Amino acid sequence: MNKITNHLPTAELQALDAAHHMHPFSCNDEIAKKGARVITRADGVFLTDSDGNEILDAMAGLWCVNIGYGRDELAEAAARQMRELPYYNTFFQTTTAPTIALAQKLAELAPGDLNHVFFGNSGSDANDTNIRLVRTYWAWKGQPERTIIVARKNAYHGSSVGSGSLGGMAYMHDVNSMPIPDIVHIDQPHWWAEGGDSTPEEFGLQTARALEAVIEEHGAERIAAFIGEPIQGAGGVIIPPETYWPEIQRICRKYDILLIADEVICGFGRTGNWFGSQTLGIEPDVMTVAKGLSSGYQPISASIVSDKVAKVMDGSDFFHGYTYSGHPVACAVALENLRILEDENIIDHVRNVAAPAMKAAWESLSDHPIVGDTRIEGLMGSLALTPDKTTRAKFATPEGTVGLICRENSFANNLVMRHVGDRMVISPPLVITPDEIKILITRARKALDDTYAHLKANDML
Ligand code: PMP
């Protein structure tokens, strides 16, 4: 068999990929027809593909490469740890130094009394942990009937059966007997798409109060927790109205319901603070983190838990965990990533340099004929593609048709932007410079121009 390396011709790599690799969240037949784009290397905010194109990655991979690509320090941290202790488990009253150090560091960084860390390998499995954790918490407190977890439509919490059930993407539930029992989804605070004639402030209150309505319907004694992303990411970077989170927080406190903030995207600087909860004014009992925790250099996630929750959970055997919970190599890499975020003041760079430059540049796209609702918080942004920005109209084509055209135009212009329905989203590495932001916006505008021309030429406006 041929050794498969970047040196093979692109077509050969694509054929082998199509023959054997099943892509996540994809139609593999379609990819086989077109050929997957083969990414060969990356540095800073730029990817290189097998044809030598330099592509600005305005998605930081999958919202995760916060410190940017190509940091040797993380490779060295991994190699050092692999040589010393490549693996040991944390199940049977054993631990390792990097696991301890990372748990301690996360307790220091996380707000409030979130001082206890349960490790996993992905955002999905961390949210599965959270399902079991909050239900177990209430059972051990003598309230085993508190099993319902309230989540939002169009939320994304992962794609395992548990975390996918928390998620509110109906197309993921089809034919899968999902959601699992006792998950209730309420409306999302997506004013642009669903706010009708109400003001954003009114809509924020209205969608938050849907939580109270669920509590009243089922009885507070049945509700274990509410889970939400501070800013919905995969749902289209939906920045909630300012009234939303304070009202959710008030309701959770009033009925003694645990609040889980899914910080898988918002965590580690994305919104200009260490955590999205700080930006949005949320005080969670449990936080899910992953992605930016290691900047994607290793798969690692965690549930960070408050003193109150840990006090109950620490009292008995919690029959839950993963072979790689607290993996020493992943922990060593995450620690090095956090060191770089701190030592290089990358979160200050987001807050003081990159986010203000990006906000001005991103919002400047609102003069484009098919762009409405340019929204950005820190370095996560989105814009709505619309045939009529004054009425917030949708295109006549099925949702996502125009978004996909724009995404392809963006790719063709060497910019990775993602589409969610007919919304374009960005989430670049946090180290992006003002000059790179200019490149990003120039390419985004070109993608929008190309999309507009396509829509006009094909009578799609
Ligand atoms: N939660 C959120 C908010 C996410 O955005 C994601 C991934 N996009 C997940 C959970 C799932 O993480 P993973 O893909 O690592 O399982």
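Residues numbered from 1 in each chain as written. Predicted model: local features only at pLDDT ≥ 70, side-chain atom pairs only at ≥ 80, totals over all residues.

1. Quick word on the overall build of the protein chain
Argument step 1. Within the protein chain one finds 17 helices and 15 strands.
Argument step 2. Its C-alpha radius of gyration of 22 Å places the protein chain within 12% of the 23 Å reference for a compact globule of 461 residues.
Argument step 3. For the protein chain, buried positions account for 49% of its 461 residues.
Argument step 4. In the protein chain, of all internal contacts separated by at least 6 residues, the share reaching a separation of at least 24 is 71%. (Helix = DSSP H or I, 4+ residues; strand = E, 2+ residues; numbered from the N terminus. Rg over C-alpha atoms; globule rule 2.2 N^0.38 Å. Buried ≥ 20, exposed ≤ 12 C-beta atoms within 10 Å, placed from the backbone. Contact = placed C-beta atoms within 7 Å.)

2. Overview of the nonpolar core
Argument step 1. In this structure, Ile149 and Phe226 are the most contacted members of the largest nonpolar core, which totals 126 residues.
Argument step 2. With near-sequence residues (within four places) excluded, Ile149 lies in contact with Ile131, Val134, Leu166, Asp182, Ile183, Ala224, Ala225 and Ile227. (Core = buried A, V, L, I, M, F, W, Y, C linked by C-beta atoms within 7 Å.)

3. What to know about the domain arrangement of the protein chain
Argument step 1. Along its sequence, the protein chain is organised into domain 1 (37-67 + 345-457) and domain 2 (73-343).
Argument step 2. Computed from C-alpha coordinates alone, the two centres of domain 1 and domain 2 are separated by 26 Å.
Argument step 3. Elements supplying a minimum of two residues to the side of domain 1 that touches domain 2: α3 (60-63), α15 (346-364), β11 (371-377), β12 (380-385) and β15 (423-426).
Argument step 4. A per-element tally of the side of domain 1 that touches domain 2 places α15 first, with five residues.
Argument step 5. Looking at the side of domain 1 that touches domain 2 residue by residue, the class counts come to 14 nonpolar, seven polar and six charged. (Domains from an automatic or database assignment. Nonpolar A, V, L, I, M, F, W, Y, C, P; charged D, E, K, R; others polar.)

4. Quick word on the sheet that holds strand β3 (residues 54-57)
Argument step 1. Read from one edge of the open sheet, four strands run β1-β2-β3-β13, paired in mixed fashion. At either end of the open sheet lies a strand with only one pairing partner, and these are β1 (39-43) and β13 (415-416).
Argument step 2. Here β3 pairs with β13 via two bridges, running parallel. By the bridge assignment for β13, Asp57 is matched with Val416. (Pairing = 2+ DSSP bridges.)

5. Regarding the pairing of strand β7 (residues 223-228)
Argument step 1. Burial analysis of β7 places six of its six residues in the buried class, the great majority of the element.
Argument step 2. Strand direction decides the pairing type here: strand β5 (residues 148-152) and β7, joined by three bridges, are parallel. Each residue of the ladder has a partner; that of Ile148, found in β7, is Ile223.
Argument step 3. In this region the chain leaves β7, passes through helix α11 (residues 244-254) and returns to the parallel neighbour strand β8 (residues 258-262); the handedness of that crossover is right-handed. (Right-handed = clockwise from strand over helix to strand, strands pointing away.)

6. Notes on helix α6 (residues 123-140)
Argument step 1. For α6, which comprises 18 residues, the first-to-last C-alpha distance of 25 Å matches the rise-based estimate of 26 Å (1.5 Å per residue) to within 8%.
Argument step 2. Burial analysis of α6 places 13 of its 18 residues in the buried class, the great majority of the element.
Argument step 3. Among the residues trailing α6, Gly142 stands out with phi positive, at a value near 85°. (Expected span 1.5 Å × (residues − 1).)

7. Remarks on the site of the ligand
Argument step 1. Around the ligand, a shell composed of 15 residues is seen, among which Ser122, Gly123, Ser124, Gly158 and Val264 lie nearest.
Argument step 2. Ranked by the residues each element gives to the shell around the ligand, the list is headed by α6, at three residues.
Argument step 3. Its residues placed into classes, the shell around the ligand shows six nonpolar, seven polar and two charged. (Near = placed C-beta within 6 Å.)

8. Observations regarding the environment of Asp450
Argument step 1. Structurally, Asp450 can be placed in helix α17 (residues 434-457).
Argument step 2. Taking the C-alpha atoms as reference points, Asp450 and Ser410, separated by 40 residues in sequence, lie 8.9 Å from one another.

9. What about unusual backbone geometry?
Argument step 1. Residue Met178 is joined to Pro179 through a cis peptide bond whose omega torsion reads 0°.
Argument step 2. Structurally, Pro179 is set in the loop between α8 (170-173) and β6 (183-186).
Argument step 3. Phi is positive for Phe268, close to 65°, though the residue is something other than glycine.
Argument step 4. With respect to the helices, strands and loops of the structure, Phe268 is situated in the loop between β8 and α12 (276-280).
Argument step 5. Phi is positive for Ser295, which is not a glycine, with a value near 50°.
Argument step 6. Position of Ser295 relative to the elements: it lies in the loop between β9 (286-289) and β10 (301-306).

10. Observations regarding the sheet that holds strand β14 (residues 418-420)
Argument step 1. Spatially, four strands are ordered β11-β12-β15-β14 in an open sheet, and the strand pairing comes out antiparallel. Two strands bound the open sheet, and with one partner strand each, they are β11 and β14. Adjacent strand axes in the sheet meet at a mean angle of 25°, parallel and antiparallel pairs treated alike.
Argument step 2. Of the pairings in the sheet, the one linking β14 to β15 comprises three bridges and is antiparallel in character. Paired with His419 across the strands is Met424, a residue of β15.
Argument step 3. Across the sheet, helix α16 (residues 401-412) is in contact with β12, β14 and β15; its angle to β14 comes to roughly 175°. (Axes fitted to C-alpha atoms, helices over the stretch in contact; angles between N-to-C directions.)

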